[in-house]
Amino acid sequence: MLEAPSAIRRRGSRRAVAVIAGVAILVVLTVLSVLVGSRPIDPAVVWAAVTRPDATNDAHLVVTELRLPRTALAIVVGAALGVAGAIMQALTRNPLAEPGILGVNAGAAAAVATGIAVTGGAFGTLGLFGFSFAGAAVAALAVAALGGIFRRGADPVRLTLAGVAFGVTLSAYTQTLLINFPSVFDTFRHWAVGSVQGRGGELVLPAVAIIVPAIVLAALLGRSLNAVAMGQDVARSVGANPRSVLGVGAVLVVLLAGAATAVAGPIGFVGLTAPLAVRLLVGPDYRWIVPLSALFAAVLVLGADIIGRVLLPPAELETSIVTAIIGAPVFIALARRRRLMRL
């Protein structure tokens, strides 16, 4: 049934408002992220640090070496988790799905724990990124194979079950390492807490180089995600190849969630809450859900990072804790709404 012109206009208005509001909030939070912290910095000093950095000025160094990279990482990590969640919800046709359903987080954690056990934790920040990303990729490929994505007739339910089972297995392996090697636990816990605090600026370019192209590809996949989200038979009837879409979508989830987890550790609720909120605002069209999920998730992670800095000064509350505090009640409220059953 075709929508009435008035309904189309209302939906278009909501989308415009969502885009404008999301961009405006993100700009404000970006400015605040550079200004506030355990040591507030005057806006004039921030501007001078950005336009005429002075390596001998402590405030300039805080801005250029700590807060700007931290802000950039919060934005790209949030955007990656939001888009990864949107893709997973489309592929599994489950509005409550999350990236972890493919075993990405469990694979990253297992690889990091193994890397620490083998090298004693002496592989550095970029080495941590490499171990985490490789573990996420291997886990997702294994889940894809177990779920039958490379065979004709693969379906999202089988993929979901394979992801959950493999994730539990990897988590048990990681816990075994942590129990038997205390040195692994001591190093692992600093990464596993889930935060952009203390992450080196050298991670910004690798993260952007992986995440931004993957988000662009995911946005281009929006029409195909719409088809797959309606079921494989419907997808085939409109000319989409469900197997190809599942394969490409799974690769994108690996790139996005794997890179985000490598940089910031496991941060929960972002991939669940942001796409779900966007869907309730703008409807079930993934051509809009994917880019707006990136925007709203970036707002969520950056806002959580700022709250964590100012809530308990001079100490900081980790980003993953704040996203759980914010995201859990929102997610529960959204999940209880009757409209969710119609998405």
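Above: the structure in question.
Criteria and thresholds
- Residues numbered from 1 in each chain as written.
- Predicted model: local features only at pLDDT ≥ 70, side-chain atom pairs only at ≥ 80, totals over all residues.
- Heavy atoms only, no water.
- Core = buried A, V, L, I, M, F, W, Y, C linked by side-chain atoms within 4.5 Å.
- Buried < 20%, exposed > 50% of the residue type's maximum accessible area, 1.4 Å probe, protein only.
- Helix = DSSP H or I, 4+ residues; strand = E, 2+ residues; numbered from the N terminus.
- Contact = heavy atoms within 4.5 Å.
- Salt bridge = Lys/Arg side-chain N within 4 Å of Asp/Glu carboxyl O.

Student: An account of the nonpolar core is requested, with residue identities and associated values reported.
Tutor: Grouped together as the largest cluster of nonpolar side chains are 80 residues, with contacts concentrated most on Ile87, Leu225 and Leu256. Here this core gets 14 residues from one element, more than from any other, and that element is helix α3 (residues 58–92). When sequence neighbours within four positions are dropped, the list of residues in contact with Leu225 reads Ile87, Ala90, Leu91, Ala218, Val245, Tyr286 and Val290. Grouped together as the second largest cluster of nonpolar side chains are seven residues, Ile41, Val46, Ala49 and Val63 included.

Student: Describe the pattern of salt bridges, naming the residues involved and giving the relevant values.
Tutor: Inspection of the entire model under this criterion finds four salt bridges. The salt bridge partner of Arg70 is Asp305, with a shortest N-O separation of 2.8 Å. Of this pair, Arg70 sits in helix α3 while Asp305 sits in helix α13 (residues 286–311), placing them 235 residues apart in sequence. No difference in accessibility class separates Arg70 from Asp305, as the two residues are buried. Linking Asp285 and Arg287 is a salt bridge whose minimum nitrogen-to-oxygen distance equals 2.8 Å. Of the residues examined, Arg287 reaches a relative accessible area of 41% and is grouped as partly exposed. Overlapping salt bridges, with partners in common, bring together Arg70, Asp305, Arg309 and Glu316 in one network.

Student: Explain the environment of Ile267 to me, using residue names and the numbers behind them.
Tutor: Counting through the fold element by element, Ile267 comes out in the loop between α11 (242–264) and α12 (270–282). Since its relative accessible area comes to 8%, Ile267 is described here as buried.

Student: Residues and numbers for unusual backbone geometry, please.
Tutor: We note that Phe269 has phi near 75°; this positive angle belongs to a residue other than glycine. Here Phe269 is to be found in the loop between α11 and α12.

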